[in-house]
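Listed below, chain by chain, are the residues.
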Amino acid sequence: MAPPLLSKLPRVGTTIFTVMSSLATEYGAVNLGQGFPDFPMSEALVALVNRAMTSGFNQYTHMNGFPALREVLAEKVRSLYGAIVDPDSEITITPGGTYAIYTALTTVLQPGDEVIVFQPCYDSYIPNILVNGAIPVLIDLPFPDYQIDWEEVRRRITPRTRMIMLNSPNNPTGAVLRETDMQVLRSLVKDTPILILSDEVYEHLIFDGIPHQSVLRYPDLAERSLACYSFGKTYHCTGWKLGYCVSSAALMKEFRKVHQFNCFSCHTPSQVALAEFLADKDSYNTVGVFMQRKRDYFQQLMQQTKFTPLPSYGSYFQLYKYDRISDESDKELSIRITKEYGVACIPVSAFYIGEKDDKVVRFCFAKKEETLEKAVERLAKI
Ligand code: PMP
Ligand code: GLN
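Cut-offs applied
- Here the residue numbering is sequential within each chain, running from 1 through the sequence in written order.
- Here chains are named by letter from A upward and ligands by number from 1 upward, in the order in which they appear as written.
- Selection of residues for local features in this predicted model requires a pLDDT of at least 70, selection of side-chain atom pairs for listing and counting requires 80 or more, and totals for whole chains, interfaces and linings are taken over all residues.
- Note: side-chain values were computed over all heavy atoms of the structure, leaving out hydrogens and water.
- Axes here refer to lines fitted to C-alpha atoms; in helices the fit is confined to the stretch in contact. Angles between the N-to-C directions go from 0 to 180 degrees.
- For helices the rule is a DSSP run of H or I covering at least 4 residues; for strands it is a run of E covering at least 2, with both sets numbered from the N terminus onward.
- Note on angle classes: values under 35 degrees are labelled roughly parallel, values over 145 roughly antiparallel, values of 65 to 115 roughly perpendicular, and the remainder oblique.
- Helix crossings get a hand from a simple test, with the near helix turned counterclockwise from the far one by less than a right angle marking a left-handed crossing and a clockwise turn marking a right-handed one.
- In this analysis, two residues are considered to be in contact whenever any of their non-hydrogen atoms come within 4.5 Å of each other.
- To sort residues, take the accessible area from a 1.4 Å probe on protein chains only and compare it with the maximum for the residue type: under 20% means buried, over 50% means exposed, and anything in between is partly exposed.
- Criterion used throughout: strands pair if DSSP finds at least two bridges between them.
- Distances are taken per atom, and a residue is near a molecule or strand as soon as one of its heavy atoms is within 4 Å of it.
- Contacts described as polar in this section are N or O atom pairs within 3.5 Å, which, within protein, must combine one atom able to donate a hydrogen with one able to accept it, while residues neighboring in sequence count only if both atoms come from side chains.
- Where accessible areas are quoted, they stem from the Shrake-Rupley method and a 1.4 Å probe; at the residue level, only the protein chains shown are allowed to cover.
- Here the term cavity refers to a set of points on a 1 Å grid, laid over the protein atoms alone, in which a 1.4 Å probe fits but cannot get out; the term pocket refers to an open set having protein on both sides within 12 Å along at least five of seven lines, with lining residues being those that place an atom within 4 Å of a point.
- Grid points are joined across faces, edges and corners, and a volume is the space filled by probe spheres set on the points.
- Amino acids are sorted into nonpolar (Ala, Val, Leu, Ile, Met, Phe, Trp, Tyr, Cys and Pro), charged (Asp, Glu, Lys and Arg) and polar (every other residue, Gly among them).
- Clockwise travel from the first strand over the helix to the second, with the strands pointing away from the viewer, marks a crossover as right-handed.

Chemist: Go over the packing of helix α13 (residues 287–302) against helix α15 (residues 369–379) with me, naming the residues and quoting the values.
Modeler: For the pair α13 and α15, interaxial distance at closest approach is 10 Å and the crossing angle is 25°. Viewed along their axes, α13 and α15 adopt a mutual orientation that is roughly parallel. Between α13 and α15 lies a crossing of right-handed hand. Of the residues in α15, those in contact with Lys 294, Tyr 297, Phe 298, Leu 301 and Met 302 of α13 are Glu 369, Leu 372, Glu 373, Val 376 and Leu 379.

Below you can see the structure in the form of C-alpha cells.
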C-alpha cells in the first residue's frame with residue numbers, strides 16, 4: 001500500500017470542466033459546457049506547423065520561447081496597447097495560459113501573503129494560491145452585473161496584500177473591465193507593493209467595439225503586472241496549450257527561474273508557425289467580430305427557450321438565468337439537463353468557494369452553427 005500523503009489541496013476535487021465534459025460524453029450530450037471550439041482552426045496555421053516540422057524545427061527551442069515569436073508579440077502589444085516590451089527580457093512563452101498563471105503566482109507568493117481574487121473566477125486561481133501557502137481574499141462580483149466594487153477592494157487591502165488578480169474579458173461572466181476600473185486600480189496600487197496578475201486570455205474575444213483594457217496600456221500598471229495570454233483561445237486550438245506571459249524585466253527574471261525548472265521550453269514547431277502567422281495582424285484582429293456573430297446567433301436561437309440571458313461583452317461564454325424553468329440548484333439543473341435533454345452547461349456556483357448559487361448557468365457559444373442549433377432545439381423542450 002502506498003504510504004499516506006498529507007494533501008496540499010485537501011478540499012479540492014476534480015475540476016468542473018472535466019466533470020461536465022465526462023458527463024456529456026457518457027450521455028451523448030451536446031457539450032456547451034467546457035470552453036473549447038468545435039470548428040476547425042486555420043488550415044494555413046496547421047500547414048505552417050507541418051512545414052516547421054518538415055523543415056527540421058523539432059528540437060528544444062530557447063527556454064524563453066522561439067525568438068521570432070517573442071518579437072512578433074512585442075510588435076503586437078505595441079500596436080494594440082502602445083506598450084514597449086523587450087522581447088528578450090519581458091516575454092516568456094508558456095505551455096498555456098493556466099501554466100503562465102500558476103508560474104506567476106509561484107514566482108511571487110510567499111506563505112501568508114494575501115491575494116485579492118474576485119468571484120466567480122476561473123477555477124485554477126484559488127488552488128494555485130493555496131498550493132503556494134498564500135491566502136485568497138475573496139471578493140464577490142455582485143450578480144447580475146458582476147462589476148468590481150472598488151470601495152470593497154480598498155477596504156480589504158492590508159499590509160499583507162501582495163497581489164490583485166484580474167480577468168477581463170471574464171470567465172465565466174462575460175463582463176469586461178472599463179477604463180474607469182483601470183483608473184481606480186491605478187490610484188489604489190500607487191505607492192504600494194501590490195502586484196497585478198492580469199489574466200487576459202480572452203483579450204481578442206471582446207464585442208460591440210469595446211476596447212480591451214489590458215494592463216499593458218498603462219505603464220505604471222504594466223511594471224507591476226504579470227499579464228497572461230493563450231494562443232489556444234485566439235486561434236481556436238485549445239489543445240495546443242500554448243500561451244505567454246508579459247511582465248517587467250525584474251519580475252520576468254524571477255518568473256523564468258521557476259519556468260526553467262518546470263517546463264524549460266515549449267513545443268517548437270507551433271511557435272515557429274505562430275511567429276509567421278502573427279505577422280499578419282488580421283490573424284488576431286478579426287477574431288472578436290467572428291465570435292461576436294456566434295454570440296448573437298446563439299442569443300437569437302435561445303429566445304425559443306425559457307432561459308433568460310445576461311449580457312456577454314467578451315469571452316466565449318454567456319450566462320443564462322433559469323428562474324422560469326425551476327428552482328433547483330445550478331448544479332442539479334446542469335446535471336439534469338445533460339442527462340435528460342442532452343445538453344451540457346456549467347453551473348456558475350463552481351466558480352465560487354462556498355455555497356453561492358445565484359441560479360445561473362454558463363453556455364459556451366464557440367461552436368458551429370449546427371451545434372448551437374442542435375443544442376437549442378433540445379433546450380427549447382425544457
Ligand atoms: N484563464 C481563463 C479565464 C480561462 O478561461 C482559460 C481557459 N482554460 C485559461 C486562463 C487558460 O488557458 P489555457 O488553455 O491556455 O491554459
Ligand atoms: N477555460 C475553459 C473553460 O472555462 C476550460 C479550461 C479547462 O478545461 N481547464 O471552460
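There is more to say, and it comes next.
Chemist: Please give an account of the environment of Pro 127 that cites residues and values.
Modeler: With respect to the secondary-structure elements, Pro 127 resides in helix α5 (residues 125–130). In this structure, the C-alpha to C-alpha distance between Pro 127 and Lys 8, residues 119 residues apart in sequence, is 9.3 Å. Sequence-distant contacts of Pro 127, defined by excluding residues within four places in its chain, comprise Leu 9 and Val 12.

Chemist: Tell me about the pairing of strand β8 (residues 243–247), and please be specific about residues and values.
Modeler: Among the five residues of β8, five are classified as buried, and the element is accordingly described as predominantly covered. Residues of β8 alternate between two faces, with Gly 243, Cys 245 and Ser 247 on one and Tyr 244 and Val 246 on the opposite face, all of them buried. The sheet contact formed by strand β2 (residues 91–94) and β8 spans four bridges and is antiparallel. Within β8, the residue paired with Thr 94 across the bridge is Gly 243. Sheet topology places strand β7 (residues 225–230) next to β8; five bridges connect them, and they run antiparallel. In the strand pairing of β8, Ala 227 is matched with Val 246.

Chemist: Please give an account of the site of ligand 1 that cites residues and values.
Modeler: Not every one of the 13 residues close to ligand 1 is listed here, only the nearest: Thr 98, Asp 199, Tyr 202, Lys 233 and Lys 241. The side chain of Tyr 122 places a nitrogen or oxygen atom 3.0 Å from a nitrogen atom of ligand 1. In this structure, a nitrogen atom belonging to ligand 1 sits 3.3 Å away from a side-chain N or O atom of Lys 233. When ligand 1 is considered free in solution it has 390 Å² of accessible area, and contact with the protein chains removes 93% of it.

Chemist: Describe empty space enclosed by the protein, and please don't skip the residues or the numbers.
Modeler: For the coordinates displayed, the defined rule picks out two cavities of 30 Å³ or more. For the largest cavity, the calculated volume is near 170 Å³. Taken together, 18 residues form the lining of the largest cavity, with Leu 141, Ile 148, Asn 167, Asn 170 and Leu 177 sitting closest to its centre. Looking at the lining of the largest cavity, the elements with two or more residues in it are β3 (114–119) and β5 (161–167). Residues belonging to the lining of the largest cavity are distributed by class as follows: 13 nonpolar, five polar and no charged. For the second largest cavity, the calculated volume is near 50 Å³. If you go around the second largest cavity, the residues you meet are Leu 73, Lys 76, Glu 203, His 204, Ser 230, Phe 231, Thr 234, Tyr 235, Tyr 244, Leu 278 and Tyr 284. Of all the secondary structure elements, the ones that give two or more residues to the lining of the second largest cavity are α3 (67–81) and α9 (231–234). Across the lining of the second largest cavity, the residue classes tally to six nonpolar, three polar and two charged.

Chemist: Report on the pairing of strand β6 (residues 195–199), specifying residues and quantitative values.
Modeler: With five of five residues buried, β6 lies mostly within the body of the structure. Judged by which residues are buried, β6 turns out to be covered on both faces: Leu 195, Leu 197 and Asp 199 on one side and Ile 196 and Ser 198 on the other are all buried. Two elements, β5 and β6, share five bridges in a ladder whose sense is parallel. Counted as the bridge partner of Asn 167 is Asp 199 from β6. Each parallel crossover has a hand, and for β5 linked through helix α7 (residues 179–189) to β6 it is right-handed.

Chemist: So what's going on with the layout of surface pockets? Residues and values would help.
Modeler: In this structure, the largest pocket encloses a volume near 650 Å³. What lines the largest pocket is a set of 25 residues, among which Arg 11, Val 12, Gly 13, Pro 127 and Ile 353 lie closest to the centre. Of all elements in the fold, only α1 (16–27), α5 and β4 (135–140) reach the threshold of two or more residues within the lining of the largest pocket. It is α5 that provides the largest number of residues to the lining of the largest pocket, a total of four residues. Taken together, the residues of the lining of the largest pocket break down into 16 nonpolar, six polar and three charged. What the second largest pocket holds in volume is close to 510 Å³. Taken together, 27 residues form the lining of the second largest pocket, with Gly 35, Thr 98, Tyr 122, Lys 233 and Lys 241 sitting closest to its centre. Those elements that provide at least two residues to the lining of the second largest pocket are α1, α4 (97–108) and α9. In terms of residue count, the dominant contributor to the lining of the second largest pocket is α4 (three residues). Broken down by class, the residue content of the lining of the second largest pocket amounts to nine nonpolar, 13 polar and five charged.

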